[in-house]
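As a plain string of letters, each chain reads:
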Amino acid sequence: MPRYQTDRSGAWIVTRGAAGAEIGRTGEPWLHVEAVPTDVVADPTGVGDAFRAGFLAAVVRGLPYPEAGRLGGALATVVLQNVGTQT
C-alpha cells in the first residue's frame, strides 16, 4: 500500500470499485474491505458519495472502521444498482 499521510487526518480511505476499499489509520495496519458484489450496474453516478455517507455515518455512531467500510460499501452498491441517483 502506498504511504499516505494519515498522521494529518487520522485515516485515509482508498476506494477501488469492485476491488473494495483500503483503510489506513495512524499507527495501525491497513484494512481491506471487500466490495458488496452485484450483477446489476445501472449508473455509477454518486457511488463514491454513497460510500462516504455510509462510512462517515457509521464512524460517527461509534462503529469500528471495518464495519463502517462495509456499510459504506453496501450503500455504494445500492446506488450503483439504480439509475438517477442525482435526482
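In short, a report on the structure. Remember, it's a predicted structure, so these values are computed and weren't measured experimentally.

### Remarks on the sheet that holds strand β3 (residues 31–33)
- Strand order in the open sheet formed by three strands is β1-β2-β3, and the pairing between neighbours is antiparallel. Looking at which strands have only one partner, the edges of the open sheet turn out to be β1 (11–15) and β3. Taking each pair of neighbouring strands and ignoring which way they run, the sheet shows an average axis angle of 20 degrees.

### A short note on the pattern of salt bridges
- The final tally for this structure, using the stated rule, is two salt bridges.
- Of the charged contacts in the structure, one is a salt bridge between R52 and D49, with a shortest N-O distance of 2.4 Å. Here the residue R52 and the residue D49 both occupy positions in helix α2 (residues 47–60), the gap between them amounting to three residues, near one helical turn.
- Classification of R52 as partly exposed rests on a relative accessible area of 46%.

### As for α2
- For α2, spanning 14 residues, the distance from its first C-alpha to its last is 20 Å, which sits close to the expected 20 Å at 1.5 Å a residue.
- For α2, the full list of buried residues reads A50, F51, G54, F55 and A58. For α2, the angular spread of the buried residues around the axis is 125 degrees, confining them to a single face. Exposed residues pointing more than 90 degrees away from the buried face of α2 are listed as D49, L56 and V60.

### A short note on the packing of aromatic side chains
- Here the structure, examined in full by the defined rule, presents two aromatic pairs.
- Here F51 and F55 contribute two aromatic rings whose centre-to-centre distance is 6.1 Å and whose plane-to-plane angle is 10 degrees, an arrangement assigned as stacked. Placement of both F51 and F55 in helix α2 is noted, with a separation of four residues, approximately one turn of the helix. The residues F51 and F55 share a single accessibility class, namely buried.
- Measuring from ring centre to ring centre gives 5.5 Å for F55 and Y65, while their planes differ by 70 degrees; the resulting arrangement is edge-to-face. With F55 in helix α2 and Y65 in helix α3 (residues 65–80), this pair connects stretches of sequence that are 10 residues apart.
- A relative accessible area of 6% means that F55 is categorised as buried.
- Through a chain of ring-to-ring contacts, three or more aromatic side chains come together here, namely F51, F55 and Y65.

### Quick word on the pairing of β1
- Alignment of β1 against strand β2 (residues 21–25), held across five bridges, turns out to be antiparallel. What sits directly across from T15, in β2, is A21.
- What sits between the antiparallel neighbours β1 and β2 is a turn of five residues, in which G17 has the positive phi angle 60 degrees.

Analysis parameters
- Numbering of residues starts from 1 in every chain and runs along the sequence as written.
- Only residues with pLDDT of at least 70 get local features here, since the model is predicted, and only at 80 or more are side-chain atom pairs given and counted; chain-wide, interface and lining totals rely on the full set of residues.
- The basis for every side-chain value is the complete set of non-hydrogen atoms in the structure, without hydrogens or water.
- Strand pairing is defined by DSSP finding a minimum of two bridges between the two strands.
- In DSSP terms, a helix is any run of H or I states spanning at least four residues, a strand is any run of E spanning at least two, and both are numbered starting from the N terminus.
- Here an angle of 0 to 180 degrees is reported between the N-to-C directions of two axes, which are lines fitted to C-alpha atoms, with helices fitted over the stretch in contact.
- Within this document, salt bridges are pairs made up of a side-chain nitrogen of Lys or Arg and a carboxyl oxygen of Asp or Glu, the two lying within 4 Å of each other.
- Here's how the labels work: a residue is buried when its accessible area is under 20% of the maximum for its type, exposed when over 50%, partly exposed in between, all with a 1.4 Å probe on protein chains only.
- What a helix is expected to span follows from its residue count: subtract one and scale by 1.5 Å.
- As used here, the arc is the angular range of directions from the helix axis to the C-beta atoms.
- Pairing of aromatic side chains requires ring centres within 6.5 Å, counting the rings of Phe and Tyr and the six-membered ring of Trp. Pairs whose planes differ by under 30 degrees are stacked, by over 60 edge-to-face, and all others tilted.

Read these as geometric descriptors, not functional statements.
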